[in-house]
Amino acid sequence: MKSFKMKIAGLDRELPMFSVNDNLMIAAFILFGDVEITVNSARELLKVVPEHDIMITAEAKSIPLIHEMARQSGVNNYIIARKGPKVYMSDITTVTVQSITTQKEQKLCLGKSEADLLKGKRVLIVDDVISTGESLAALEKLVCEVGGNIVGKAAVLAEGDAAERDDIIFLEKLPLVDEVLELDVESRKNKTLADSLRASRNKYSKQIGGLMAQGKKEEAEEMKKKFEEAGAVIEIK
């Protein structure tokens, strides 16, 4: 399985890559089960987000993040937009969203109790990754429909064109798959070149060492000089 290494909130992580369809692959950033990255991401985002009264996210991948941000902020509530109406909800407000990961249309819903918490409040929208912006747009529409005042939109990662937006806050850019593959190929090329140079250096170090052992100091020094002029560092063995 292909993967992509990157630093997120000061931590090194290797993101697995998956095919969404025949023409699209994504590098998957998954918070579930990773306490360290969740805690660090929440801490770093809280340093840069604007003042707000309450936070909202969509079910379900960003729930660990918004929970940790609320905990670190010392607040006791946040809102989760559910993917469908629940029996305990009344006066439900619903919007639709096209998900890149599930590849189908989804609903986001709020009940009256959640809507009342958002109405007239400064609202921070939280997400794990902003990519196409579809989920973000749905959350914005949902908050506006219930009378909330959006003061910020924050995510751990912004993918592709989302990283060029000036209306979102994010910690790191997640390269598009083509960029990831190019970086991977370049990394492999550099590693192959480094391995080749290291092998050549060892080979000629031994040859120069052999000449020195045979008392052929001038030949050894001449060979060493040529390699040093080429930028190679030779150690006599």
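What you see as residue numbers is a count from 1 along each chain, following the sequence as written. At least 70 in pLDDT is required for a residue's local features to be given in this predicted model, at least 80 for side-chain atom pairs to be given and counted, and no such filter applies to totals for whole chains, interfaces and linings, which use all residues. Processing note: side-chain calculations cover all non-hydrogen atoms of the structure and skip hydrogens and water entirely.

## Structural notes on the overall build of the protein
Line of reasoning, step 1. Of regular secondary structure, the protein possesses six helices and ten strands.
Line of reasoning, step 2. For the protein, contacts bridging at least 24 residues in sequence account for 58% of all contacts bridging at least 6.
Line of reasoning, step 3. On the protein, roughly 13,600 Å² of surface is accessible, and the fraction owed to carbon and sulfur atoms is 49%. Each helix corresponds to a stretch of at least 4 residues labelled H or I by DSSP, and each strand to a stretch of at least 2 residues labelled E; elements are numbered beginning at the N terminus. We call two residues in contact whenever any of their non-hydrogen atoms come within 4.5 Å of each other. Only the protein chains shown count as cover for residues, with accessible areas throughout obtained via the Shrake-Rupley method and a probe of 1.4 Å.

## Re the confidence of the model for the protein
Line of reasoning, step 1. The predictor rates its confidence in each residue with pLDDT, a number between 0 and 100. Per-residue pLDDT for the protein averages 82, and the proportion of residues at 70 or more is 73%.
Line of reasoning, step 2. Across residues 232–237 the pLDDT falls below 50, and counting only partners more than four positions away or on other chains, this stretch makes 18 contacts in the model.

## Some remarks on helix α1 (residues 35–48)
Three or four residues apart is the spacing at which side chains of an α-helix point the same way, because the helix has 3.6 residues per turn.
Line of reasoning, step 1. What a helix should span is 1.5 Å times the count of its residues minus one. In this model α1 runs 21 Å from its N-terminal to its C-terminal C-alpha over 14 residues, within 8% of the 20 Å that 1.5 Å per residue would give.
Line of reasoning, step 2. Partly exposed describes any residue whose relative accessible area lies between the buried limit of under 20% and the exposed limit of over 50%, with all areas from a 1.4 Å probe on protein chains only and scaled to the type maximum. The set of residues buried in α1 consists of Ile-37, Thr-38, Asn-40, Ser-41, Ala-42 and Leu-45.

## Details of the packing of α1 against helix α2 (residues 63–73)
Line of reasoning, step 1. Contact pair α1 / α2: the axes reach a minimum separation of 9 Å and the direction vectors enclose 60 degrees. In terms of axis orientation, α1 runs oblique to α2. Considering only the axes of α1 and α2, their crossing is right-handed. Across the interface between the two elements, Thr-38, Val-39, Ser-41, Ala-42, Arg-43, Leu-45 and Leu-46 from α1 touch Pro-64, Leu-65, Glu-68, Met-69, Gln-72 and Ser-73 from α2. An axis is simply a line fitted to the C-alpha atoms; with a helix, the fit covers only the stretch in contact. Between two such axes, the angle follows the N-to-C directions and lies from 0 to 180 degrees. Angle categories: roughly parallel below 35 degrees, roughly antiparallel above 145, roughly perpendicular from 65 to 115, and oblique for all the rest. Here a crossing is called left-handed whenever its near helix is offset anticlockwise from the far helix by less than a right angle, and right-handed whenever the offset is clockwise.

## Side note on the environment of Pro-16
Line of reasoning, step 1. Among the structural elements, Pro-16 can be located in strand β2 (residues 11–21).
Line of reasoning, step 2. For the pair formed by Pro-16 and Lys-2, sequence separation is 14 residues and the distance between their alpha carbons is 6.2 Å.

## Digging into the pattern of salt bridges
Line of reasoning, step 1. Each salt bridge in this description consists of a side-chain nitrogen of Lys or Arg and a carboxyl oxygen of Asp or Glu lying within 4 Å of one another. Under the counting rule described, the total for this entry stands at 14 salt bridges.
Line of reasoning, step 2. Close ionic contact of Arg-82 with Glu-59 constitutes a salt bridge, the shortest N to O distance being 3.2 Å. With Arg-82 in the loop between β5 (79–81) and β6 (93–98) and Glu-59 in the loop between β4 (54–58) and α2, the pair connects residues that are 23 residues apart, well separated along the chain.
Line of reasoning, step 3. According to the relative accessible area criterion, Arg-82 is partly exposed, its value standing at 22%.
Line of reasoning, step 4. Residues participating in the shared-partner salt-bridge network are Glu-140, Lys-153, Arg-165 and Asp-167.

## Quick look at the side chain of Ser-62
Line of reasoning, step 1. Examined against the element boundaries, Ser-62 turns out to sit in the loop between β4 and α2.
Line of reasoning, step 2. When near neighbours in sequence (up to four residues on either side) are disregarded, Ser-62 contacts Thr-57, Val-126, Asp-127 and Asp-128.

## Quick word on the sheet that holds strand β8 (residues 122–130)
Line of reasoning, step 1. Sheet architecture is open: five strands sit in the order β5-β4-β8-β9-β10, paired in parallel fashion. The open sheet is flanked by β5 and β10 (169–174), the only strands paired with a single partner. Between one strand axis and the next, the sheet turns through 25 degrees on average, direction left out of account. When DSSP finds two or more bridges between a pair of strands, those strands are recorded as paired.

## As for helix α4 (residues 134–145)
Line of reasoning, step 1. In this model, α4 (twelve residues) spans 17 Å end to end at C-alpha, consistent with the 16 Å of a helix rising 1.5 Å per residue.
Line of reasoning, step 2. Taken residue by residue, α4 has Leu-136, Ala-138, Leu-139, Leu-142 and Val-143 as its buried positions. Down the axis of α4, the buried side of the element spans an arc of 160 degrees, and every buried residue falls inside it.
Line of reasoning, step 3. Immediately downstream of α4, the backbone of Gly-147 shows phi near 90 degrees, a positive value. Read the arc as the range of directions from the helix axis to the C-beta atoms.

## Looking at the nonpolar core
Line of reasoning, step 1. To qualify as a nonpolar core, a set must consist of buried Ala, Val, Leu, Ile, Met, Phe, Trp, Tyr and Cys residues joined through side-chain atoms within 4.5 Å. If you look at the biggest cluster of nonpolar residues, it comprises 27 residues, and the most contacted ones within it are Ile-8, Phe-29, Leu-65, Met-69 and Leu-157.
Line of reasoning, step 2. Among the elements of the structure, β1 (3–8), β2, α1, α2, β8 and β9 (149–159) are those that each provide at least two residues to this core.
Line of reasoning, step 3. At four residues, α2 tops the list of elements feeding residues into this core.
Line of reasoning, step 4. Setting aside residues no more than four positions away along its own chain, Leu-65 makes contact with Leu-31, Thr-38, Ser-41, Ala-42, Leu-45, Val-126, Asp-127, Asp-128 and Val-156.
Line of reasoning, step 5. Counting residues in each nonpolar core, the second largest holds 25 residues, with Leu-110, Leu-136, Ala-138 and Leu-139 among its members.

## Some remarks on the pairing of β8
Line of reasoning, step 1. Among the nine residues in β8, eight count as buried, and that is most of the element.
Line of reasoning, step 2. Where β4 and β8 come together, three bridges link them in parallel fashion. Each residue of the ladder has a partner; that of Ile-56, found in β8, is Ile-125.
Line of reasoning, step 3. Handedness of a crossover: with both strands directed away from the viewer, a clockwise path from the first strand across the helix to the second marks it as right-handed. Once you follow β8 into α4 and on to β9, the crossover reads as right-handed.

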